[in-house]
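Each chain is listed here by its residues.
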Amino acid sequence: RRHTRYGTVTGVQTCALPISALETRREFLAEIEEATRRPTTAFAIRYEDHALALLPHLALIKSAAHAFRHRAAAQLAAGDRSGALRDIGTIHRLARAAGSDPTLIGMLVHGAVETLAMDAAWQGWRVGAWGEPECKALQEMFSEADLRPVAVRAFRSERLFGSSLIEFLAKNPDKYFEILGNPVPGDDTSLAGRAISLMPIGWLRQNQARHARHLDAIVEMLQRAPRGLALMPDAAPRLPVEDVSGPVVYRMVCRELIPALSTAASKIDRVEVLLLLARVAFALERHRLATGRWPANLADLVPGQLASIPIDPMDGQPLRYKPGTNGTCLLYSVGPDGRDDGGSGTMHAKPPADCTWRTSKVARETRAQ
């Protein structure tokens, strides 16, 4: 049985799921792969279920992406680079299908699934398992991924959702708990909900206007930002500050709708940085395959593998790159805190750690032998 354990080839273990475990899902995976190749692939969504409308099909997308990632690892360990590349391409298209849903949840699932595609590609990159054709294909694949238009569409949708929700509450004040969920008796949500359900129409309109202005400002920021959602340090704040002027009743509903926006934008920032690292990482590997060594610096990749020296969107400086003396290399972004920690994080490290792509010394030495 072929195995998703790189130790069978390189001495480094990653996952112990046998590929035979996926045989029972072969038809399901084949159907998903074929569907992702259609330009208008979409999932049936019951929007009348409100917040629960998206959960079933988004859970299915992530489950399928994990299955393709495991199979790609097994195929790569067995030397089937084209099969592994095909499965990573399916994950990439699956992410795009998830992002076609114009919601914040759809945007976040898009980013999460795209990260799974990068993880599958990185597993082979760190051990030197990819050849030149696959490295070129993966570099091009991650170069075409751009989450900024996805984010613009999602935040526009969030603006419409908030406006329509407040419009509904203005006409049906007794439906507040039915729409936003039943509170725990006596907590702040319960008190706020009762206050909102008793609001005069004018107060609700003030909340509606503030919410719309805030989301408009976010969309404008995303549209004028360079590629990658993180802004340079000398630009405006990453997200516009919420308007807290005037009576608190003018923003009570806004507080229910706005808090998650900053977290959503930060998560997509990180995916954009990982996509940039992926593009540069495969450019580095192509250089190594062509010359037998890592380049001395990123400038050596221009114009052969890259059009220009890549800039870290987290601090506006060139991406950090450290070729090792033992045949390894380290590529990283300083992360959302803007502080260079020497690449101490990993690809999956949570903020504020650096975002890192690092090769495996043991695996590459074993493969070279």
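**Description of the overall build of the protein chain**
Along the protein chain, the regular secondary structure elements total twelve helices and three strands. Counting over 369 residues, the protein chain shows a buried share of 49%. Considering only intrachain contacts with a sequence separation of at least 6, the fraction spanning at least 24 residues in the protein chain is 66%. Taken as a whole, the protein chain presents about 17200 Å² of accessible surface, with 55% of it coming from carbon and sulfur.

**A few points about helix H1 (residues 26-36)**
Of the positions making up H1, those classed as buried are Leu29, Ile32, Glu33, Ala35 and Thr36. Viewed end-on, H1 has its buried residues packed into an arc of 165°, placing them on one side of the element. Within H1, the exposed residues directed more than 90 degrees away from the buried face are Glu27 and Glu31.

**Some words on the layout of surface pockets**
Counted as a void, the second largest pocket has a volume near 570 Å³. In terms of lining, the second largest pocket is formed by 23 residues, of which the most central are Ala112, Thr115, Lys267, Arg270 and Val271. Contributing elements (two or more residues each) for the lining of the second largest pocket: helix H4 (104-125) and helix H11 (260-291). With eight residues, H11 is the largest single contributor of residues to the lining of the second largest pocket.

**Here's the deal with H4**
Along its 22 residues, H4 runs 31 Å from first to last C-alpha, staying within 8% of the 32 Å computed at 1.5 Å per residue. Among the 22 residues of H4, 19 are classified as buried, and the element is accordingly described as predominantly covered.

**So, the packing of H4 against H11**
It is the contact of H4 with H11, at a shortest axis distance of 10 Å, that shows an interaxial angle of 25°. Considering their axes alone, H4 and H11 lie roughly parallel with respect to each other. Considering how the two elements wind past one another, H4 and H11 form a crossing that is left-handed. When H4 is examined against H11, the residues Leu104, Met107, Leu108, Gly111, Glu114, Thr115, Met118, Ala121 and Trp125 are found in contact with a partner set consisting of Leu261, Ala264, Lys267, Ile268, Val271, Leu274, Leu275, Ala278, Ala281, Phe282 and Glu285. Class assignment of the residues belonging to the contact of H4 with H11 gives a composition of 15 nonpolar, two polar and three charged.

**Some remarks on the nonpolar core**
If you look at soluble globular proteins, the nonpolar side chains tend to sit buried side by side. Membership of the largest hydrophobic core comes to 77 residues, with the highest contact counts inside it found for Ile88, Trp130, Phe142, Phe155, Leu331 and Trp357. The greatest single-element share of this core, amounting to 15 residues, is contributed by H11. Ignoring anything within four residues of it in the chain, the contact list for Trp357 reads Met118, Trp122, Trp125, Leu274, Leu277, Ala278, Ala281, Phe282, Cys329, Leu330, Leu331 and Met347. One finds Leu169, Leu204, Val249 and Leu257 within the second-largest nonpolar core, a separate group that totals nine residues.

**Describing the packing of aromatic side chains**
The full count for this structure, using the stated rule, is three aromatic pairs. Seen from their ring centres, Trp125 and Trp294 are 6.4 Å apart, and the 55° between their planes marks the pair as tilted. Remark: Trp294 occurs in the loop between H11 and strand E1 (320-323) and Trp125 occurs in helix H4; sequence separation between them is 169 residues. The pair Trp125 / Trp294 is uniform in exposure class, with both members buried. Through pairs of rings, three or more aromatic residues link up here, namely Trp125, Phe282, Trp294 and Trp357.

**A look at the environment of Ile91**
Locating Ile91 in the fold gives a position in helix H3 (residues 81-99). Among the residues examined, Ile91 registers a relative accessible area of 0% and is labelled buried. Separated by 24 residues in sequence, Ile91 and Thr115 have C-alpha atoms that sit 9.3 Å apart. Setting aside residues no more than four positions away along its own chain, Ile91 makes contact with Ala65, Phe68, Arg69, Val113, Leu116 and Ala117.

**Things to note about the side chain of Glu285**
Checked against the element boundaries, Glu285 lands in helix H11. Here the side chain of Glu285 touches Arg288 through a polar contact of 2.8 Å, side chain to side chain.

**Here's the deal with the pattern of salt bridges**
Summed over all chains, the structure comprises 15 salt bridges. Notably, a salt bridge pairs Glu132 with Arg286, separated by 3.1 Å at the nearest N-O pair. Taken together, the residues Glu132 in helix H5 (residues 132-144) and Arg286 in helix H11 connect sequence positions 154 residues apart. Overlapping salt bridges bring together Asp312, Asp315, Arg320 and Asp340 as one network.

**Quick notes on the packing of H3 against H5**
In the contact formed by H3 and H5, the axes pass within 11 Å of each other and the chain directions differ by 5°. Classed by the angle they form, the pair H3 and H5 counts as roughly parallel. Across from Arg81, Leu85, Ile88, Gly89, His92 and Arg96 in H3, the residues of H5 making contact are Glu134, Ala137, Leu138, Met141, Phe142 and Glu144. For the contact of H3 with H5, the residue count by class is six nonpolar, two polar and four charged.

Rules behind the numbers
Residues numbered from 1 in each chain as written. Predicted model: local features only at pLDDT ≥ 70, side-chain atom pairs only at ≥ 80, totals over all residues. Heavy atoms only, no water. Helix = DSSP H or I, 4+ residues; strand = E, 2+ residues; numbered from the N terminus. Buried < 20%, exposed > 50% of the residue type's maximum accessible area, 1.4 Å probe, protein only. Contact = heavy atoms within 4.5 Å. Areas by Shrake-Rupley, 256 points an atom, 1.4 Å probe, with all protein chains shown as cover. Arc of directions from axis to C-beta. 1 Å grid on protein atoms, 1.4 Å probe; cavity = no way out; pocket = protein on both sides within 12 Å on 5 of 7 lines; lining within 4 Å. Points joined across faces, edges and corners; volume = space filled by probe spheres on them. Expected span 1.5 Å × (residues − 1). Axes fitted to C-alpha atoms, helices over the stretch in contact; angles between N-to-C directions. Parallel < 35°, antiparallel > 145°, perpendicular 65-115°, else oblique. Left-handed = near helix turned anticlockwise from the far one by under 90°. Nonpolar A, V, L, I, M, F, W, Y, C, P; charged D, E, K, R; others polar. Core = buried A, V, L, I, M, F, W, Y, C linked by side-chain atoms within 4.5 Å. Phe/Tyr/Trp six-rings, centres within 6.5 Å; stacked < 30°, edge-to-face > 60°. Polar contact = N/O pair within 3.5 Å; in protein donor to acceptor, adjacent residues only side chain to side chain. Salt bridge = Lys/Arg side-chain N within 4 Å of Asp/Glu carboxyl O.

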